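# Summary of structural features
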Amino acid sequence: MKKKYVFLSLAFFLALNSSFGQSRIDKSKRELTEDSAVRNTTNYSNSDDDDDDNGILETFFVDVFFMALQATFFGTEYEDHLSNKLTPYPYYDDFSSGNFQEMEKRDSVTVEGRKPRGQFRVDIEENLLFNSKQLYGNYFEVKIRPTRHFYLQADLHQIQERTNFNSSNSSLSLYYFNFGYDRIRTKRFNLGWTLGASYVANNVRKGGLSFGVDTDVFLGKQISLAASTKWSAINSQPVNALEVQGRYHLNRFMVSLGYDYVKIGTPTYKFLKVGGGIYF
């Protein structure tokens, strides 16, 4: 009887150590690499419809749908704010405009042989992420704006975690690669969407599609608020990121303080972020 109690105590101790020895990062990696449940698929047979009237009606509704889709996500020619010009950097014109300059404020003189100001810009940002002595990391973002109409963006979350059990480090690298479009472009406010892919490196090496929303609000006195969120899924597990930060702009430079939230599988990661950036 005594041997039985000794055996049960040893098994419980080993299970407990195994649970405490696994970090949040290890759990995220495991959930992203586990085999997904096999889903049953059902095939539906489509019957041909030779009715011309129905075909015309379907075409009409399809056209209306795509027109509404275009107006919702890209806008129409009647929206003047979509013609606003991208600025070289926020608050460059006497602290009046943010990322976009209104039509009546545009430069009246263009130097011959050069593109008008604000037609190309690169935004680079680097932040340190703090949670505790056990959980920390860094965040890097580059946003390439070849035109006022859209931008290309790459983000990297590099997360480090030290476990108390064996004092070893676990690391995880989360990438986002997105196409972005500013749907609203006023001098004090811009709001848009992003569409692209997510990818988790290290020993996961899997990716998925991502969709997000991005906004900036310019409050004046060289201060702005920025927020963005990205939703994605890898191996049927959520891979999401949210950031909110305040920025202070100094010509082509800015410093920032904010909050960063990442969810990879079941575990969540919450950080205070401190950093800065530059506009080229």
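To start, this report covers the structure provided alongside it. Nothing here was measured: the structure is a model prediction, and the numbers come from that model. (Residues numbered from 1 in each chain as written. Predicted model: local features only at pLDDT ≥ 70, side-chain atom pairs only at ≥ 80, totals over all residues. Heavy atoms only, no water.)

## Focus: the overall build of the chain
Formally: Only runs of H or I of at least four residues qualify as helices and only runs of E of at least two qualify as strands under DSSP, and these elements are numbered from the N terminus. When accessible area is computed with a 1.4 Å probe and restricted to protein chains, residues below 20% of their type maximum are described as buried, those above 50% as exposed, and intermediate ones as partly exposed. Contact definition: two residues touch when any of their heavy atoms are within 4.5 Å. Here, Shrake-Rupley sampling with a 1.4 Å probe gives the accessible areas, and only protein chains in the shown set may cover a residue.
Each helix and strand counted, the chain has three helices and 12 strands in total. The burial tally for the chain puts 38% of its 280 residues in the buried class. Considering only intrachain contacts with a sequence separation of at least 6, the fraction spanning at least 24 residues in the chain is 53%. Of the roughly 16800 Å² of accessible surface on the chain, a fraction of 60% belongs to carbon and sulfur atoms.

## Structural notes on the sheet that holds strand β5 (residues 151–162)
Stated formally: Whether two strands pair comes down to DSSP finding at least two bridges between them. Geometry is summarised by axes, namely lines fitted to C-alpha atoms with helices restricted to the contacting stretch, and by angles between N-to-C directions that run from 0 to 180 degrees.
Taken in spatial order, the 10 strands close into a barrel running β3-β4-β5-β6-β7-β8-β9-β10-β11-β12, and their pairing is antiparallel. This sheet shows a mean twist of 20° between the axes of neighbouring strands, independent of strand direction. In this sheet, β5 lies alongside strand β4 (residues 135–145) in antiparallel orientation, the contact comprising 10 bridges. Looking at β5, one finds that Tyr136 is bridged to Gln160. On the sheet, helix α2 (residues 24–33) packs against β4, β5, β6 (169–185), β7 (189–200), β8 (206–220), β9 (223–234), β10 (237–250), β11 (253–264) and β12 (268–279) and is oriented at approximately 70° with respect to β6.

## Examining α2
Our working rule: Here the arc refers to the set of directions running from the helix axis out to each C-beta atom.
For α2, the full list of buried residues reads Ile25, Ser28, Lys29, Glu31 and Leu32. Here the buried residues of α2 occupy an arc of 165° about the axis, which is enough to place them on one side.

## Considerations on the side chain of Asp182
Definition in use: The definition of a polar contact used here is a pair of N or O atoms within 3.5 Å, where within protein one atom must be able to donate a hydrogen and the other to accept one, and adjacent residues in sequence count solely through side-chain atom pairs.
Position of Asp182 among the secondary structure elements: in strand β6. Polar contacts involving the side chain of Asp182 include one to the side chain of Arg145, which spans 3.3 Å. Discounting chain neighbours no more than four positions away, the residues touching Asp182 are Leu82, Phe100, Arg145, His149, Tyr151, Asn190, Leu191 and Gly192.

## Concerning the nonpolar core
Cut-off, in case you're wondering: We define the nonpolar core as a collection of buried residues of types Ala, Val, Leu, Ile, Met, Phe, Trp, Tyr and Cys that are connected through side-chain atoms lying within 4.5 Å of one another.
Of all hydrophobic cores here, the largest spans 18 residues; its most connected members are Leu32, Leu174, Val200, Ile264 and Tyr269. Elements represented by at least two residues in this core include exactly α2, β4, β6, β10, β11 and β12. Per element, the largest residue contribution to this core is three residues, and it comes from β6. Aside from chain neighbours lying at most four places away, what touches Leu174 is Asp155, Leu156, His157, Tyr199, Val200, Val239, Val262 and Ile264.

## Thoughts on the pattern of salt bridges
Counted only if it meets this: Within this document, salt bridges are pairs made up of a side-chain nitrogen of Lys or Arg and a carboxyl oxygen of Asp or Glu, the two lying within 4 Å of each other.
Within this structure, the stated rule accounts for 11 salt bridges. We note a salt bridge from Lys273 to Glu243, for which the minimum N-O separation is 2.5 Å. Placement of the pair is Lys273 in strand β12 and Glu243 in strand β10, with a sequence separation of 30 residues. Grouping residues by exposure puts Lys273 and Glu243 together as buried. Counted as one network, the salt bridges with shared partners bring together Arg121, Asp123, Arg145 and Asp182.

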